[in-house]
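# Tertiary structure, described
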Amino acid sequence: MDEAVSLAPPTKAVQSHSPRWRRQLKVLMSEPKVAGAGGFILLLALVALLAPLISPHDPLDQDLMLSALPPAGFDGAERGHLLGTDNLGRDVLSRLIFGTRITLIVAVVAAGLAALIGTTLGLLAGWYRGLVDGSISRLVEIWMSFPPVLLSILLVAVIGSGVTSVIAAIAIIDWTRFCRVIRAETMAQAQQDYVLAARAVGYPRLYILLREILPNIMPVLLALVSLEMGIAVIVEGILSFVGLSVSSDTPTWGGMIAEGRQYIHQTWWVLAAPLAALFATVLCFNQLGEGLRRALDPVLRR
Amino acid sequence: MIAMALLKRLTTTAGTLAGVAVVVFVLLRIVPGDPVAMMISPGASASDIAVLRAHYGLDGSLLSQFGLWLQSIFHGDLGVSISLRRNVLEVLLERLPATLELCIAALEFAVLFGGTVAVVGTIWRNSWVGELIDAVNGLLLAVPDFVWALAFALFFGVLWPVLPLSGRLDPSAGSGMVTPFFWAESLLRLRFDVFADLSRHLVMPVLALSLPLAAVIARVLKDALIEAMAQDYVLLAQLKGMSRLRLVLQEALSNAIGPTLALTGVQFTFLVGGTVITERIFAYPGIGNMAIDAVINRDLPLIQGLVLVFAVIFIAVNMLVDLLQLVFNPRLRHG
């Protein structure tokens, strides 16, 4: 604590970041859940990015001569349609590949926004307490006495369907998850000696919150973001299923699931393929969150 | 003491409920679509529209509409559904029992299944059984009801069709039930054919709804049990030669049940919210399924009624959990 001696504004010594980065990455990768689940999600991102290059067909191309073809290996399967085709003769694999795009966009943006709102309010509530905490906590309570699925459907019905609405709805609903945890974490951190020391030195309160407390909350926050991405993927699926997400010409997993459910007796594979993708993705985001929490928490690591 | 604690709780929840009412009301009034526009026939005149608007109380200011709504709620009048053209309260009362039966069946299964898993996991916590339970439980915790429901529909409804895919009761089973609580009534009247058919329809939605809750119960209860097992009084009982099963059930459980109960209450409200999508997937005729149609049709009176019902259920569950905690944890009674 040699910094504590000087009352001058702190000047961060310029450090070379690469060794620390590499060290942290090593710690992260030593956790099998992070490496495995993170790898799958990276692969998914790659698929989304390269969708036009790797998808075998145009996802919107209808061919009624080749409609309702089963996946490869089943009776009546056609070469070139690995996962079969739907009722309109569109290639299921290609739709699945293009569907990754909406899924990941929603996951990243919605989780990021929810984290931003929830963390800001949670930090303020946990650090300033009093009236700020009272009103924020009350708001969270009202928000949470609502079935989230119903609320999201309601919200999207109000603000109109589409990707932006879906993202907005998820952020508006799920910020409470961040707010509650971050508030509790902030309150716990505020009791620590390093905060007391920083206050004794006379740093401004907001400075302590952002530069001292926030970095210490990061591991929890990262884990939460990963979990939230999994939730966002599901909510997008649900909203597409109900028909409130993007228009039907944009392939999404939820939209495919809705079609698959409708024609479940004729073309079960149209439901099975996106459902399996959804299952794997949610599981991976979840495991990644768990792994991050473990890898970044020095107490749990021991 | 209990009365005071409950009274305090009641006033807080009343405030929350009022907050919910305001939020929903305002939210629905800023809907861009005009609900009246959705129900008029193309040739309707301006005066027809005005009459219709007045009929549904949509012509006043926002504040007066809200006042009117609150007033009628206290008279038990929830208005007339725009899309169904029927009394909202009537529709809700007709549909609610199906949802309640589904939720209660799911809760029962979740508590039984989750509790059993927790006890088994505690007894064999240091063997491969415990590790297997933890791994499976991690999977159950990660995957939501929406995915389970569809997976069950796919596997047990289509690929290996052993269970009915949709509905509550097969028309051929013939109901003849007089109350809307078919499941309870068929059991009481010993109509086992109807009871069996209802149960078969319930299996998939109940499993889908209860698996995530069961996983939470299993995890929290197991952690609490393991902690309780390390206490001195349990050790003493162990030294007296009590069997491991009795040790868990008789000694540890009573101390571990408190935290589990609180979380089960919160999670149960999620389960109730989950009925919206699960009922949709299985075309189950409850209020959740109806909620989606109500939103899509912008049926304001029906949506308001539904949200109110959900809010009341949530608050009732929370109060019940508080009460149960007081029963199970004597320490809370003096505080």
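The structure displayed is predicted, hence computed values, not measured ones.

Conventions we followed
Residues numbered from 1 in each chain as written. Chains lettered and ligands numbered in written order. Predicted model: local features only at pLDDT ≥ 70, side-chain atom pairs only at ≥ 80, totals over all residues. Helix = DSSP H or I, 4+ residues; strand = E, 2+ residues; numbered from the N terminus. Buried ≥ 20, exposed ≤ 12 C-beta atoms within 10 Å, placed from the backbone. Contact = placed C-beta atoms within 7 Å. Core = buried A, V, L, I, M, F, W, Y, C linked by C-beta atoms within 7 Å. Nonpolar A, V, L, I, M, F, W, Y, C, P; charged D, E, K, R; others polar. Axes fitted to C-alpha atoms, helices over the stretch in contact; angles between N-to-C directions. Parallel < 35°, antiparallel > 145°, perpendicular 65-115°, else oblique. pLDDT = per-residue confidence, 0-100.

### Some remarks on the overall build of chain B
Of regular secondary structure, chain B possesses twelve helices and zero strands. Ordering the α and β elements of chain B from the N terminus gives α-α-α-α-α-α-α-α-α-α-α-α. With the C-alpha coordinates of chain B rotated into their principal frame, the extents come out at 85 × 55 × 40 Å. With 335 residues in all, chain B has 38% of them scored as buried. Sequence-distant contacts, at least 24 apart, represent 74% of the contacts inside chain B between residues at least 6 apart.

### Thoughts on the nonpolar core
Among the nonpolar cores identified, the biggest contains 169 residues, and A:Ile153, A:Ile170, A:Ala232, B:Ala149 and B:Leu150 are the most heavily contacted of them. A total of 21 residues in this core trace back to one element, the largest contributor, which is helix H8 (residues 192-229) of chain B. If we skip the residues at most four places from it in the chain, A:Ile170 touches A:Ala110, A:Ala114, A:Ser152, A:Ala232 and A:Val235.

### Examining the interface of chain A and chain B
Contacts between the two partners involve 29 residues from chain A, matched on the other side by 32 residues from chain B. Among the elements of the structure, helix H5 (130-144), helix H6 (148-159), helix H9 (205-242), helix H10 (253-262) and helix H11 (268-296) of chain A are those that each provide at least two residues to the side of chain A that touches chain B. No other element matches the nine residues that H11(A) contributes to the side of chain A that touches chain B. Split into classes, the residues belonging to the side of chain A that touches chain B amount to 23 nonpolar, four polar and two charged.

### Points about unusual backbone geometry
Of note, the phi angle at A:Ala68 is positive, near 55 degrees, even though the residue is not glycine. Mapped onto the fold, A:Ala68 is located in the loop between helix H3 (51-54) and helix H4 (92-128). The class of A:Ala68 is partly exposed, set by 17 C-beta atoms lying within 10 Å. A positive phi is found at B:Leu190, a non-glycine position, where the angle reads about 60 degrees. Within the fold, B:Leu190 resides in the loop between helix H7 (182-188) and H8. When the 8 C-beta atoms within 10 Å are taken as the criterion, B:Leu190 is described as exposed.

### Describing the environment of A:Val181
Residue and element names in this part refer to chain A. Relative to the elements of secondary structure, Val-181 occurs in helix H7 (residues 163-190). Under the C-beta neighbour-count criterion, Val-181 is labelled partly exposed, with 19 such atoms within 10 Å. Distance from Val-181 to Glu-290, taken between C-alpha atoms, is 15 Å for residues 109 residues apart in sequence. Those residues within four positions of Val-181 in sequence are excluded, and the remaining contacts are Val-220 and Leu-224.

### Some points on the packing of H6(A) against helix H10 (residues 244-281) of chain B
Relative orientation of the contacting elements H6(A) and H10(B) amounts to 55 degrees, with a least axis distance of 7 Å. For the element pair H6(A) / H10(B), the angle class is oblique. Taking contact as the criterion, the partners of A:Pro148, A:Val149 and A:Leu150 in H6(A) are, on H10(B), B:Gly273, B:Gly274, B:Val276 and B:Ile277. Grouping the constituent residues of the contact of H6(A) with H10(B) by class yields five nonpolar, two polar and no charged.

### A closer look at the confidence of the model for chain A
Predicted confidence across chain A gives a mean pLDDT of 85, with 92% of residues reaching 70 or more. For the stretch residues 1-15 of chain A, pLDDT sits under 50, and the model shows six contacts to residues farther than four places along the chain or on other chains.

### Focus: the packing of H9(A) against H11(A)
Residues and elements named next belong to chain A. Two numbers describe how H9 lies on H11: the axes approach to 7 Å, and their chain directions differ by 170 degrees. If you check the angle between H9 and H11, you find them roughly antiparallel. Note on element contacts: H11 touches H9 through Leu-278, Thr-281, Val-282, Phe-285, Asn-286, Leu-288, Gly-289, Leu-292, Arg-293 and Leu-296, opposite Pro-219, Leu-222, Ala-223, Ser-226, Leu-227, Met-229, Gly-230, Val-233, Ile-234 and Gly-237. Its residues assigned to classes, the contact of H9 with H11 comprises 13 nonpolar, six polar and one charged.

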